[in-house]
Amino acid sequence: MNTQTQYTIARPTGSKLKIAAGVAAVVIVIGAIAADTKVVAIGSQHDVREQGFQPDSFGAQEFPKVQADVEKRAVDAVTLATAVLADKKAAGEKYGVATSTGPVLPVSLNGAFGDRKANLNEFKVEGLPDGVVIRVQTGPAINGTELRDATGNIQFGQFTNQIEYQDAGSAINNEMKKATLRGLDPEKLTGKTATIVGVFKLINPKNWLITPVKVELK
């Protein structure tokens, strides 16, 4: 009687098939991710966009533009005050940049710092019409969006939302403090003469709150 040796071929079990299928799926996913991955160099234009809005970079980039524009268009304070009191609307249209809450006007002032209160100093200018009061933001806190709105070139539509738009204004204010107010001791300005270039929002013709872009002590 002949004994025939029988060989049995091992077949994968159900669990092994599932593992193999899972590994194949992972390989496919990794391949798809690799194909869709874009290499971005640090500091490149794509890198800046993918980081999202960077207020500090925006302020550093935009403040010099705002400063140059305001200096170029600034109107002598006495001339501007006379025009504003004579016809507020006409003066705003002629000299200012319109916003939803009133025009922002550029102005040049020669005079002396007066009393300080909170983050402001009064500023006395000879020859102003009676009743006009001028105060200058001297820090450390700088409030408002006048610098952001001063040129008309920075619009809400450039930003993702209202928060970014507000952050843009704050960033320009912060950059102004570095460039314009650094080195000034606001507690020791009273009585000192200066030339100031800045902007204010025309709401009350007799009450100006100046946000400076340039301060030169004499």
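1. Some thoughts on the pairing of strand β2 (residues 104-117)
Residues in a regular strand point their side chains to alternate faces of the sheet.
Point 1. Most of β2 is tucked away: ten of the 14 residues are buried.
Point 2. In terms of strand pairing, strand β1 (residues 75-76) meets β2 through two bridges, oriented parallel. Within β2, the position partnered with Val75 by the bridge is Val107.
Point 3. Inspection of the sheet shows β2 paired to strand β5 (residues 193-201) by nine bridges, in the antiparallel sense. The residue bridging Pro106 from the neighbouring strand is Val199, located in β5.
Point 4. Between the end of β2 and the start of strand β3 (residues 120-124), which pair antiparallel, lie two residues, with Ala118 showing a positive phi angle near 55°.

2. Points about the environment of Val133
Point 1. With respect to the secondary-structure elements, Val133 resides in strand β4 (residues 133-137).
Point 2. Not counting residues up to four positions away in its chain, the partners in contact with Val133 are Lys206, Asn207 and Trp208.

3. Focus: the pairing of β5
Point 1. Within β5, eight of the nine residues are buried, which leaves it mostly tucked inside the rest of the structure.
Point 2. The pairing of β5 with strand β6 (residues 207-217) spans six bridges and is antiparallel. Bridged to Gly198 within β6 is Pro212.
Point 3. Following β5, the chain reverses through five residues before pairing antiparallel with β6.

4. What about the environment of Asp149?
Point 1. Structurally, Asp149 is set in helix α6 (residues 146-149).
Point 2. Through-space distance from the C-alpha of Asp149 to that of Val66 is 9.1 Å; in sequence the pair is 83 residues apart.

5. Thoughts on helix α7 (residues 162-181)
Point 1. Its 20 residues give α7 an end-to-end C-alpha distance of 28 Å, which sits within 8% of 28 Å, the value for a rise of 1.5 Å per residue.
Point 2. Those residues of α7 that sit buried are Glu164, Tyr165, Ala168, Gly169, Ala171, Ile172, Asn173, Glu175, Met176, Thr180 and Leu181.
Point 3. For α7, the secondary structure elements touched by its buried residues are α3 (55-73), β4, α6 and β6.
Point 4. Structurally, the start of α7 carries an N-cap: the backbone nitrogen of Ile163 is 3.2 Å from a side-chain oxygen of Asn161.
Point 5. A positive backbone phi angle near 95° is found at Gly183, which sits one or two residues after α7.

6. Comments concerning the nonpolar core
Point 1. Counting residues in hydrophobic clusters, the biggest one holds 43 residues, and the most contacted among them are Leu80, Leu109, Phe123, Ile134, Ile196, Trp208 and Ile210.
Point 2. If you list the elements that add at least two residues to this core, you get α3, α4 (77-86), α5 (88-95), β2, β4, α7, β5 and β6.
Point 3. Apart from residues lying up to four places away in sequence, Phe123 is in contact with Leu109, Asn110, Gly111, Ala112, Phe113, Gly114, Ile134, Val136, Ala194 and Ile196.

7. Some details on the side chain of Thr151
Point 1. Within the fold, Thr151 resides in the loop between α6 and α7.
Point 2. On the basis of relative accessibility, which here comes to 15%, the residue Thr151 falls in the buried class.
Point 3. A polar contact is formed between the side chain of Thr151 and the backbone nitrogen of Asn153, at a distance of 3.1 Å.

8. Describing the pattern of salt bridges
Point 1. Inspection of every chain in the model, using the stated rule, returns nine salt bridges.
Point 2. One salt bridge connects Lys214 with Glu71, and the closest N-O pair in it is separated by 3.5 Å. With Lys214 in strand β6 and Glu71 in helix α3, this pair connects stretches of sequence that are 143 residues apart.
Point 3. When its relative accessible area of 28% is taken as the criterion, Lys214 is described as partly exposed.
Point 4. By relative accessible area, Glu71 is classed as partly exposed at 34%.
Point 5. Of the charged contacts in the structure, one is a salt bridge between Lys178 and Glu175, with a shortest N-O distance of 3.9 Å. With Lys178 and Glu175 both in helix α7, this residue pair falls three residues apart, about one helical turn.
Point 6. Note on Lys178: relative accessible area 46%, which makes it partly exposed.
Point 7. We classify Glu175 as buried; its relative accessible area is 18%.

Rules of the game
- Residues numbered from 1 in each chain as written.
- Predicted model: local features only at pLDDT ≥ 70, side-chain atom pairs only at ≥ 80, totals over all residues.
- Heavy atoms only, no water.
- Buried < 20%, exposed > 50% of the residue type's maximum accessible area, 1.4 Å probe, protein only.
- Helix = DSSP H or I, 4+ residues; strand = E, 2+ residues; numbered from the N terminus.
- Pairing = 2+ DSSP bridges.
- Contact = heavy atoms within 4.5 Å.
- Expected span 1.5 Å × (residues − 1).
- Polar contact = N/O pair within 3.5 Å; in protein donor to acceptor, adjacent residues only side chain to side chain.
- Core = buried A, V, L, I, M, F, W, Y, C linked by side-chain atoms within 4.5 Å.
- Salt bridge = Lys/Arg side-chain N within 4 Å of Asp/Glu carboxyl O.

Nothing here speaks to function; it is all geometry.
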